[in-house]
Amino acid sequence: MASELDIFVGNTTLIDEDVYRLWLDGYSVSDAVALRVRSGILEQTGATAAVLQSDTMDHYRTFQMLERLLHAPPKLLHQLIFQIPPSRQALLIERYYTFDEAFVREVLGKKLSKGTKKDLDDISTKTGITLKSCRRQFDNFKRVFKVVEEMRGSLVDNIQQHFLLSDRLARDYAAIVFFANNRFETGKKKLQYLSFGDFAFCAELMIQNWTLGAVGEAPTEPDSQVDDMDMDLDKEFLQDLKELKVLVADKDLLDLHKSLVCTALRGKLGVFSEMEANFKNLSRGLVNVAAKLTHNKDVRDLFVDLVEKFLEPCRSDHWPLSDVRLFLNQYSASVHSLDGFRYQALWDRYMGTLRGCLLRLYHD
Amino acid sequence: MPGKLKVKIVAGRHLPVMDRASDLTDAFVEVKFGNTTFKTDVYHKSLNPQWNSEWFKFEVDDEDLQDEPLQITVLDHDTYSANDAIGKVYIDIDPLLYSEAATVISGWFPIYDTIHGIRGEINVVVKVDLFNDLNRFRQSSCGVKFFCTTSIPKCYKAVIIHGFVEELVVNEDPEYQWIDRIRTPRASNEARQRLISLMSGELQRKIGLKVLEMRGNAVVGYLQCFDLEGESGLVVRAIGTACTLDKLSSPAAFLPACNSPSKEIKEIPFNEDPNPNTHSSGPSTPLKNQTYSFSPSKSYSRQSSSSDTDLSLTPKTGMGSGSAGKEGGPFKALLRQQTQSALEQREFPFFTLTAFPPGFLVHVGGVVSARSVKLLDRIHNPDEPETRDAWWAEIRQEIKSHAKALGCHAVVGYSESTSICEEVCILSASGTAAVLNPRFLQDGTVEGCLEQRLEENLPAGCGFCHIPYDELNMPFPAHLTYCYNCRKQKVPDVLFTTIDLPMDATVIGKGCLIQARLCRLKKKAQAEANATAISNLLPFMEYEVHTQLMNKLKLKGMNALFGLRIQISVGENMLMGLASATGVYLAALPTPGGIQIAGKTPNDGSYEQHISHMQKKINDTIAKNKELYEINPPEISEEIIGSPIPEPRQRSRLLRSQSESSDEVTELDLSHGKKDAFVLEIDDTDAMEDVHSLLTDVPPPSGFYSCNTEIMPGINNWTSEIQMFTSVRVIRLSSLNLTNQALNKNFNDLCENLLKSLYFKLRSMIPCCLCHVNFTVSLPEDELIQVTVTAVAITFDKNQALQTTKTHVEKSLQRASTDNEELLQFPLELCSDSLPPHPFPPAKAVTVEKASPMGEGNFRNRSTPSCANSTVGVVKMTPLSFIPGAKITKYLGIINMFFIRETTSLREEGGVSGFLHAFIAEVFAMVRAHVAALGGNAVVSYIMKQCVFMENPNKNQAQCLINVSGDAVVFVRESELEVISTQQPAANCQPACTGGEVTT
């Protein structure tokens, strides 16, 4: 006596959060039923496995029908087919666009192309996230990227407006889109200790300070400006960064900078001697990173460079975070006292952001 | 030229991509009414076109206005080839034709295509300017209000309840016309949808004419059905109860939107006669008699054929004159005669209502039903649907005579249905025989003093249980006792009815859903032989269904069934019977005896043991059920009542081969009435099976109750959380050596599993009651059984539910007495609005508290988030006639929609389940959209009358037809009502339906 057909349709669409999670996690109906059985739901409710199977199927069908609408969340709000209370709509959207930390670390900074999509098999095996779930998350990234790619204005606002995500999630997506657009390398072994949150933090700072949108003034001729306001780094700014080279190329300037920093920090730094010994190396590292940013390839390696040139040396000398903060503050501020240095504003725009990033990235 | 229809096409959204190259659509709209068509401009390259058209004006007869639907077609313009249709919207403009309903239809409608489903939405505005038509011989019946609700709609009061109206129209089914071979499935589906829409419009108009003839102004309990007879045609038939309704000048008066003139509300109370007691006594000549006889132009075949001939079959005086109870004897007889005279002018004294104004229902006799098996033949002349008319007339006549046999002059809770398989059709009708108070049937024919005496004589809460028939001359053997409530009148030991539990009935404990399920195999046969085989099987099915019901009722420790609905469905090789009802314990009726099992071979020791084991199990179950449903009637010693003590020797042998020749299937239910202790004799495996199946019905999980009536007896504190749903299951039987037992088990499991699934799905709503659970069963193919369930789950407040039954009883008694007082003073104040306090008095108590200034703040806060970011207003749907915790302030007209959906890519759409799931969701969406466009926020008395599903998986095809109906209404939450009333001056011009507008 097989059920040919078995459906339940409510005037208000029933959403079971637990089943939704299982569906989002990419489990098949039978796996989901097995997982639900294990959760002890049968004992709690006195239901049978057949009831659970039928219920799971119903929910899966509903979610499949909703998925089309979830691809363009404003449609979910205006559609007439499913009557869903607004709070539930918000939950559906938020959960659908929520991603796994493990997954996002694998694709962050990669081109959201078919090529990457082919690698999802490997990512699935590596992370233990089902292929189906990987696909959904990847497609979400790509979809958001495609929609906001050509748009002007604030990246976060655009995402929020077109995908109705919470502020937190919209910021995360802004970071993902920003990383994908600039193709920052995040997968190297050296960078494995960094979390998505670390990168997202950096992305936000960079979007705020290093992009065209950050300058705060709209381009004079709208048509001539093809770059996206928030997604692309300010090319002119990157070009200008070359000028900072003088800080390490000019030996007098470098010495003066060092002595200013050392004088200010003497007695305040636990690792003062290590800092004094390493100052020139560290300064060279930070300035060279800036000077190289004109090349796309070096932009991509930004985080690798920061780790290699600054974070690793500090860590190997066991600098405490407070000392790194003191050093970076002093290091940035002292430049203002270098009379021969003309690029104060440029330096602040660069170091302000970089300091924030480095402090965030400096941990075990 | 009595009407001008104006239509404006505003915009579209979410249109499908029709041009692959540009990923866009060049959409335009055709607006068609009757034979006139207008077109909008093409809006190029957009999925969200803004047409903003001029007003398209159609000048039409009001007859057409009633019959024709407005047809809106959205197309994609194509320069080189034919324009592609995107989809259609049919709008029934009937609600615009009577003044109190909607004044404009405006909103987003889903664009529907029978192959692709919903494809975007279109914003349309429709208005009608009606000119007064003084032509008395008109064919239209504009202005007659229709209600699906089977009680007097809230916010109206009944001045007169006229009685039964019916009509049917027939046509050829487009699906079976020769042209169907050459046209596309889409064209064929659309032809069908359009035809049915036309036919229902015509039907409604004709019914309206009959109502006007009877001098009524409304049809309540309107039930319209389709019979898809296949080759032989398409029948659309409807029944209803004609009434004269007055709008109540209730507290709702401050609520109406600015556009509805408030004068009608003020004026109406003066129209009615404030005190009918002053009317001159004596039998004034009823006017209705005359109006009935001249039907203006067309003669309806049934009326002419049956009015004289058939009535003579049953003596007009009937049981009425001969009956005389001991107590109120002469009075009763007088009452009966008067009522009789009022009712006998009616061809069929039937009422489709299931709930009544207080005092309307005097006595209830029991269920009457009739079935007949007919062979379908082609309808040759659609204008003369005589055959179908005659069939139904025959059945109604039978019902009428059954009611007479029960000493009743009327049938209430009346309904009709059909089941069709190939060329065989089973017609069924059922209702509850009853004695009615003539007061409501006619104006001015009843003496005031009689009325008053009646009120005094009728004890509250048990009057309807008292037998209407003569004790010494009973139509069937029944076991009578003195009423346990008033101790004066006789009552039967069980009562079966098709109506809702009367408001003033005194009930002990809670009720529960009781179902009897049955399958019988039948040999495949053709035509006559088939019909004969079915006719022969029917009495047995009916008998067994009743036995099952009775057993289950006793097993629950209850003594009455309400809302009984027995459905018999016919398939190629089997018959299915499904009876649903709500069991209750009526305080007026005696405690049901237990069930005793008797073995056939008493010598066998082990067998004896087995029997006693079974007996113990049954007794345990009864005890458990009594506890579960809180049935603990007060102990009354038998001597006081002086009722005959049941004799345990009375036993019924349930032999399978009983009454072979009986066509009379009506009163089989009642034939069990005489046994106090019910004895099951286990003489074969079949009976064993029966006993087992009795015990396999699992009670709902704790926190759940279910019933198929409007409200659950014993629960009266509903919260506002409701969830209406439809669930469909189809199972395929393994065709190998099917036996009746295996079939029964399959069917039983199907229904039980379905219920279990519902309980599981709705577990978050506990404590909760499934109300108006409506099961329909059909046999779409050889080995398929389809069960469709529609119901509403309502959460109730557990704490308040702990109120003892005692207080409930007290309350109802108290209420009944106040009702009586009111009635004495204002006999015509039958406002049905005085009834609802019964289902939810606690909710009201809460709202009073909220009426403080603080409540206003609460209200604002609550309404803000709900409308913050969604543009789609919530539309509630419920099969009930009310919305818990809310007040219905306006009826906007009936919703009656018919949809066909077909697919040729079944697998791609998720198989049969995916296909039907999507379709039902779409149907809900279209109903909601229409209600919202009328300015409503809920559908009450919603019913899915038909869900015909056909599949052909080999061809990857499926087709489904769905017919739904209900009343579109505006409701206001009781809590909001209080708030609005406190800030009335400010809120005066505010549309009541959109709660969101109050946000600050």
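Residues numbered from 1 in each chain as written. Chains lettered and ligands numbered in written order. Predicted model: local features only at pLDDT ≥ 70, side-chain atom pairs only at ≥ 80, totals over all residues. Heavy atoms only, no water.

Applying the stated rule across the entire model yields 52 aromatic pairs over all chains. Ring geometry for F164 of chain B versus F350 of chain B: centroids 5.4 Å apart, planes at 65°, classification edge-to-face. Here F164 of chain B, found in strand β10 (residues 156–171), pairs with F350 of chain B, found in the loop between α7 (329–344) and β13 (361–375); they are 186 residues apart in sequence, far enough to count as distant. Overall, F164 of chain B belongs to the buried group, its relative accessible area being 5%. Ring geometry for W718 of chain B against F796 of chain B: centres 6.0 Å apart, planes inclined by 85°, an arrangement best described as edge-to-face. Of this pair, W718 of chain B sits in strand β25 (residues 718–732) while F796 of chain B sits in strand β27 (residues 784–796), and the two are 78 residues apart along the sequence. Both residues of the pair, W718 of chain B and F796 of chain B, count as buried. Taken together, Y20, W23, F63, Y96, Y97, F99, F103, F141, F163, Y173 and F196 of chain A form an aromatic cluster joined through their ring pairs. Stacked on the ring of Y193 of chain A, the Lys or Arg R315 of chain A has its end atom at 4.5 Å from the ring centre. (Phe/Tyr/Trp six-rings, centres within 6.5 Å; stacked < 30°, edge-to-face > 60°. Helix = DSSP H or I, 4+ residues; strand = E, 2+ residues; numbered from the N terminus. Buried < 20%, exposed > 50% of the residue type's maximum accessible area, 1.4 Å probe, protein only. Lys NZ or Arg CZ within 6 Å of the ring centre and 35° of its normal.)

A few words on unusual backbone geometry. Residue and element names in this part refer to chain B. Following I766, the chain continues to P767 via a peptide bond in cis, the omega torsion being -5°. Positionally, P767 belongs in the loop between α14 (740–761) and β26 (768–778). Not every positive phi belongs to a glycine, and H14 is a case in point at roughly 55°. With respect to the helices and strands, the residue H14 is situated in the loop between β1 (3–13) and β2 (27–33). With a phi close to 50°, E422 is a non-glycine residue in the positive phi region.

This brings us to the domain arrangement of chain A. Domain boundaries in chain A define domain 1 (17–81), domain 2 (101–210) and domain 3 (235–361). Between the C-alpha centres of domain 1 of chain A and domain 3 of chain A the distance comes to 53 Å. (Domains from an automatic or database assignment.)

To continue, consider the pattern of salt bridges. Note on pairing: side chains with opposite charge can pair once their charged atoms come close. On inspection of all chains with the given rule, the structure shows 49 salt bridges over all chains. A salt bridge links R13 of chain B to E121 of chain B; the nearest nitrogen and oxygen atoms lie 2.6 Å apart. Residue R13 of chain B is found in strand β1, and its partner E121 of chain B is found in strand β8 (residues 117–130); the two are separated by 108 residues along the sequence. On the basis of relative accessible area, E121 of chain B is assigned to the buried category, the value being 5%. Here the residues in one salt-bridge network are D16, R36, D55, D58 and R61 of chain A together with K761 and R763 of chain B, joined through shared partners. (Salt bridge = Lys/Arg side-chain N within 4 Å of Asp/Glu carboxyl O.)

It is worth spelling out the sheet that holds β13 of chain B at this point. Residues and elements named next belong to chain B. If you trace the three strands from one edge of the open sheet to the other, you get β13-β15-β14, paired in antiparallel fashion. Of all the strands in the sheet, just β13 and β14 (410–421) have a single pairing partner and so form its edges. Neighbour-to-neighbour, the strand axes of this sheet turn through a mean angle of 10°, independent of strand direction. Here β14 runs beside strand β15 (residues 424–436); their pairing, made up of 10 bridges, is antiparallel. Each residue of the ladder has a partner; that of C421, found in β15, is V424. The strands that helix α8 (residues 386–405) touches are β13, β14 and β15; relative to β13, the one it contacts most, it runs at about 145°. Docked against the sheet, helix α10 (residues 527–555) engages β13 and β15, running at close to 155° with respect to β13. (Pairing = 2+ DSSP bridges. Axes fitted to C-alpha atoms, helices over the stretch in contact; angles between N-to-C directions. Contact = heavy atoms within 4.5 Å.)

When the parts come together, some accessible area is lost, and that loss is often what is quoted as the size of the interface. In this complex, chain B contributes 52 residues to the contact, which on the side of chain A involves 36 residues. Taken together, the two surfaces of chain B and chain A that pack against each other cover about 4000 Å², and 60% of this comes from carbon and sulfur. Of all residues in chain B, the largest losses of buried area upon contact with chain A belong to F760, K761 and H917 of chain B, amounting jointly to 20% of the total for that side. Counting every contact that joins chain B to chain A gives five salt bridges. Linking R732 of chain B and E4 of chain A is a salt bridge whose minimum nitrogen-to-oxygen distance equals 3.2 Å. (Buried area = accessible area lost by both parts, 1.4 Å probe.)

Right, let's get into helix α9 (residues 120–127) of chain A. All names here are of chain A. Within the sequence span of α9, burial applies to L120, I123 and S124. For α9, the angular spread of buried residues about the axis comes to 100°, placing them on one side. Exposed positions of α9 whose direction lies more than 90 degrees from the buried face are D122, T125 and K126. Against α7 (101–107), α8 (114–118) and α10 (131–149) lie the buried residues of α9. (Arc of directions from axis to C-beta.)

Membership of the largest hydrophobic core comes to 245 residues, with the highest contact counts inside it found for F327 and Y350 of chain A together with L70 and I122 of chain B. Once you skip the residues sitting within four places of it in the chain, I122 of chain B turns out to touch I9, A11, G12, V29, W51, I72, V74, V89, G107, W108, F109 and I111 of chain B. I152, F351, A434 and V969 of chain B belong to the second-largest nonpolar core, a separate cluster that totals 47 residues. (Core = buried A, V, L, I, M, F, W, Y, C linked by side-chain atoms within 4.5 Å.)

Now for the packing of helix α4 (residues 49–70) of chain A against helix α6 (residues 86–97) of chain A. All names here are of chain A. One way to put it is that α4 packs onto α6 with a least axis distance of 11 Å and a crossing angle of 80°. Judged on the interaxial angle alone, α6 and α4 are roughly perpendicular. Here L66, E67 and L70 of α4 come into contact with α6, specifically with L92, I93, Y96 and Y97. Residue composition of the contact of α4 with α6, grouped by class: six nonpolar, no polar and one charged. (Parallel < 35°, antiparallel > 145°, perpendicular 65-115°, else oblique. Nonpolar A, V, L, I, M, F, W, Y, C, P; charged D, E, K, R; others polar.)

A separate point is helix α11 (residues 155–163) of chain A. All names here are of chain A. Among the residues of α11, those classed as buried are L155, V156, N158, I159 and F163. With its buried residues spanning 160° around the axis, α11 presents them on a single face. Sitting at the amino-terminal end of α11 is S154, which places a side-chain oxygen 3.4 Å from the backbone nitrogen of V156. Where α11 terminates, the next one or two residues include L164, which has phi positive at roughly 55°. (Polar contact = N/O pair within 3.5 Å; in protein donor to acceptor, adjacent residues only side chain to side chain.)

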